[in-house]
Every structure is written in structure tokens, then in C-alpha cells.
Amino acid sequence: FLAPREVDVHPLRRLFSRKLRKARALVCNFQSPPEVLKHIFVLDESIAELIGVRADLSVSVLPDPWHSSKLNISKNEARTRLGIPSEQQVFLHFGSTDTRKGIEDVLEVWEQNKIPSDALLVRAGCTRKHQSARLSSLAEQGRAMLFDRYLSDEELDDFLSAADWVLLPYRDHFGSSGALAGAAAARRPVICCEGGILGRRVQEGQLGVTYEAKNVDALSAAVSKACAGSCSGFTENLALYSQQHTVARFTDIIRQAF
């Protein structure tokens, strides 16, 4: 499911890095998969490119679907239900707050206060205490809202529909993400780090704005760019991505293999 980490490095780096050694071993397994395997399903097309060609082995790239290819919830309806102001530009960060999800970078951007004043950060999902404290401080300034709880599927659809932009500021994340599929279903463009499968899909599909990974200033500039631009230019591309990543297509690809 996950693309290997950086492996084209000097052997001395691998010698002192367990993660790099594991990544190298994973690549070797892909290049020479066991004979017993006759079909391999992957979520990342870059993994498919690594797998050694063999006459009796087939490889299928699975889509990464949301439960629906389109969310029929209006922005005003969703914001009314959630109590989110209608006049501000909403930037949504949801899911876990693991380091790789980049919430620390997002908090730093909003704390620097260099972005437009109408940019409202909405954080939805279970949040760690020290992060909640920083978000609460931003909320007191009217610059953020925190929904610190487990979200049902219905609530998550509301949050996606209430947003103007979805934040995917992932750090050292090499796999796909259901968050991109959810954003596409809601027809909401994303702000995403360059690199990896997410950055590549966002850039190639023109699904939002990308910026240099782990660069807080670049993320701040991307948020400002989003505030100054229009979301409507991404709608058609997001719809196309969503249509390509459906549950039906996922099941069809599996069935075709048998």
C-alpha cells in the first residue's frame, strides 16, 4: 500500500538507518516478488513500476475511493449545521494529528499571522492536548475553530462540504490518502506538499496548490495564494478525479483479476 521511502542513497546512510535498510529490502522484494504470487494489487502506481515483470504475474492499481463520488451538501447548509461562519474562507484539517499529518506546520502558519485575516482554520477530529491549547488560543482570536472529537461519516461529509480548501500538509508521507478522495467528492481543492503520490496526483490532476514539503513559509504562501484565488477553477478536475476513484471501480478491478 505504501511506496518505499528514499532508497537511492549512499550505502553508508543505509548502514546507520534501519528505516532505509527496510526500504531497500522492500524494493528488492518488489523487484523479485515470490513465485507463489500471481496477482498484486497496489494503491500507488509508482509501486507498480517497481514490480519485476513476469509472464505469470499481473499487477493492478486500485483507486482510492470515498464512499460517494459526489457530496450533495451545500456549503451554507453544512456551515449552519456545524456553526461555522459563512463569511470566512475555511481551511480544513481533519483526521489524526500524527507528526506526518503536518498539523504543527499549520499551527505555525496561523500563529505567525501573515495570512489574510479571513482565513479560518477548522481542525476536526481527536486532537492532542498541546495542540488543542494552541488551537484554543487561535480560537479566542477568532482565527480557528476546534472540533476535538471522533467524527462520524456524516459529520465528516459536513466538514468537507463546509470547507473552501482542504489542508494536506503531510510530512514524510509516501502513500495515498483518503482525505484527497474526500476533498474530491466535495469538490474542494487541496493544499498539499510536493512529492510522493499525493503531491504527484495533485499536480498532475490540477486538484489544488502544492508547496515545498516541510517549509512553513511556503505553506503560508500557499494559503495566501488560495485566499486570493478562486476554488471554482479546480471543480472539473476534482470531479474527474472522484469519478476515477469510485468504490464500484475498486471492486470491478478486483473481480476482473479472478
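Asker: Looking at this structure, how should I read the overall build of the protein chain?
Answerer: Assigned secondary structure in the protein chain consists of twelve helices and eight strands. Viewed in the frame of its principal axes, the protein chain has a C-alpha envelope of about 60 × 45 × 30 Å. When burial is assessed residue by residue, the protein chain has 48% of its 258 residues classed as buried. For the protein chain, long-range pairs separated by at least 24 residues make up 62% of all intrachain contacts whose partners lie at least 6 apart in sequence. Of the charged side chains in the protein chain, 32 are positive and 31 negative; the average position of the first set lies 5 Å away from that of the second.

Asker: Would you take a moment to explain the packing of aromatic side chains for this structure?
Answerer: Here the distance between the centres and the angle between the planes together describe a pair of aromatic rings. Under the defined criterion, the tally for this structure stands at four aromatic pairs. Between Phe41 and Phe258 the ring centres are 6.5 Å apart and the planes differ by 35 degrees, which places this aromatic pair in the tilted class. Of the two residues, Phe41 sits in strand S1 (residues 39-42) while Phe258 sits in the segment after helix H12 (247-256), which places them 217 residues apart along the sequence. Residue classification places Phe41 among the partly exposed positions, given a relative accessible area of 27%. Residue class for Phe258 comes out exposed when judged on its relative accessible area of 79%.

Asker: Looking at this structure, I do not really get the environment of Phe30. What am I missing?
Answerer: Structurally, Phe30 can be placed in helix H2 (residues 18-31). Residues Phe30 and Val202, spaced 172 residues apart in sequence, show a C-alpha to C-alpha distance of 25 Å.

Asker: Explain the packing of helix H5 (residues 103-112) against helix H6 (residues 129-140) to me, please; I cannot follow it from the model alone.
Answerer: For any two helices packed against each other, one specifies the crossing angle of their axes together with the interaxial distance. Their axes nearest at 11 Å, the elements H5 and H6 cross at an angle of 25 degrees. In this view, H5 runs roughly parallel relative to H6, as classed from their interaxial angle. For H5 against H6, the interelement crossing comes out left-handed. Between H5 and H6, the contacting residues are Ile103, Glu104, Leu107, Glu108, Trp110 and Glu111 on the first element and His130, Gln131, Arg134, Leu135 and Leu138 on the second. Residue composition of the contact of H5 with H6, by class: five nonpolar, two polar and four charged.

Asker: Which parts of the structure should I look at to understand the pattern of salt bridges?
Answerer: Charged atoms that come close allow side chains of opposite charge to pair. On inspection of all chains with the given rule, the structure shows 15 salt bridges. One salt bridge connects Asp44 with Arg200, and the closest N-O pair in it is separated by 3.1 Å. In this pair, Asp44 sits in the loop between S1 and helix H3 (45-50) while Arg200 sits in helix H9 (residues 196-205), placing the two residues 156 residues apart along the sequence. The buried category is assigned to Asp44, whose relative accessible area is 1%. Judged by relative accessible area, Arg200 falls into the partly exposed class, the value being 24%. Counted as one network, the salt bridges with shared partners bring together Glu35, Lys38, Arg54 and Asp56.

Asker: What is the right way to read the nonpolar core from this model?
Answerer: Counting 63 residues, the largest nonpolar core has Ile84, Phe91, Trp110, Val122, Phe159 and Ile191 as the members making the most contacts within it. No other element matches the seven residues that helix H10 (residues 216-228) contributes to this core. Setting aside residues up to four positions removed in sequence, Ile84 forms contacts with Arg79, Val90, Leu120, Val122, Met145, Phe147, Phe159 and Ala162. One finds Ile40, Val42, Ile47 and Ile51 within the second-largest nonpolar core, a separate group that totals six residues.

Asker: Whenever I open this one, the packing of helix H4 (residues 75-82) against helix H7 (residues 153-162) confuses me. Can you help?
Answerer: Two elements in contact, H4 and H7, have axes whose closest approach is 8 Å; the angle formed by their N-to-C orientations is 120 degrees. The orientation of H4 with respect to H7, classified from their angle, is oblique. Crossing of H4 over H7 shows left-handed handedness. For the pair H4 and H7, the contacting residues are Lys75, Ala78, Arg79, Arg81 and Leu82 in the first and Asp158, Phe159, Ser161 and Ala162 in the second. Classifying every residue of the contact of H4 with H7 by side-chain character gives four nonpolar, one polar and four charged.

What counts and how
Each chain has its residues counted from 1, following the order in which its sequence is written. Only residues with pLDDT of 70 or above have their local features reported here, since the model is predicted, and side-chain atom pairs are shown and tallied only from 80 upward, although totals for entire chains, interfaces and linings are computed over all residues. By convention in this description, side-chain values take in all heavy atoms of the structure and omit both hydrogens and water. Only runs of H or I of at least four residues qualify as helices and only runs of E of at least two qualify as strands under DSSP, and these elements are numbered from the N terminus. Relative accessibility under 20% of the residue-type maximum defines a buried residue, over 50% an exposed one, and the middle range a partly exposed one, all with a 1.4 Å probe and only protein chains included. When checking whether two residues touch, look at their non-hydrogen atoms; a contact exists if any pair is within 4.5 Å. Counted as positive: Lys and Arg. Counted as negative: Asp and Glu, with His and the chain ends omitted from the count. Here the site of a charge means NZ on Lys, CZ on Arg, CG on Asp, or CD on Glu. Working definition: rings of Phe, Tyr and Trp (its six-membered ring) pair if their centres are within 6.5 Å, and the pair is stacked with planes under 30 degrees apart, edge-to-face with planes over 60 apart, and tilted otherwise. A fitted line through C-alpha atoms represents every axis, and for helices the fit uses only the stretch in contact; the resulting angles, taken between N-to-C directions, go from 0 to 180 degrees. Convention used here: angles under 35 degrees read as roughly parallel, angles over 145 as roughly antiparallel, angles from 65 to 115 as roughly perpendicular, and any remaining angle as oblique. Rotating anticlockwise by less than a right angle from the far helix to the near helix defines a left-handed crossing, while the corresponding clockwise rotation defines a right-handed one. In this classification, Asp, Glu, Lys and Arg are treated as charged, Ala, Val, Leu, Ile, Met, Phe, Trp, Tyr, Cys and Pro as nonpolar, and every other residue, Gly included, as polar. Here a salt bridge means any side-chain nitrogen of Lys or Arg lying within 4 Å of a carboxyl oxygen belonging to Asp or Glu. We call a set of buried residues a nonpolar core when its members are Ala, Val, Leu, Ile, Met, Phe, Trp, Tyr or Cys and they connect through side-chain atoms within 4.5 Å of each other.

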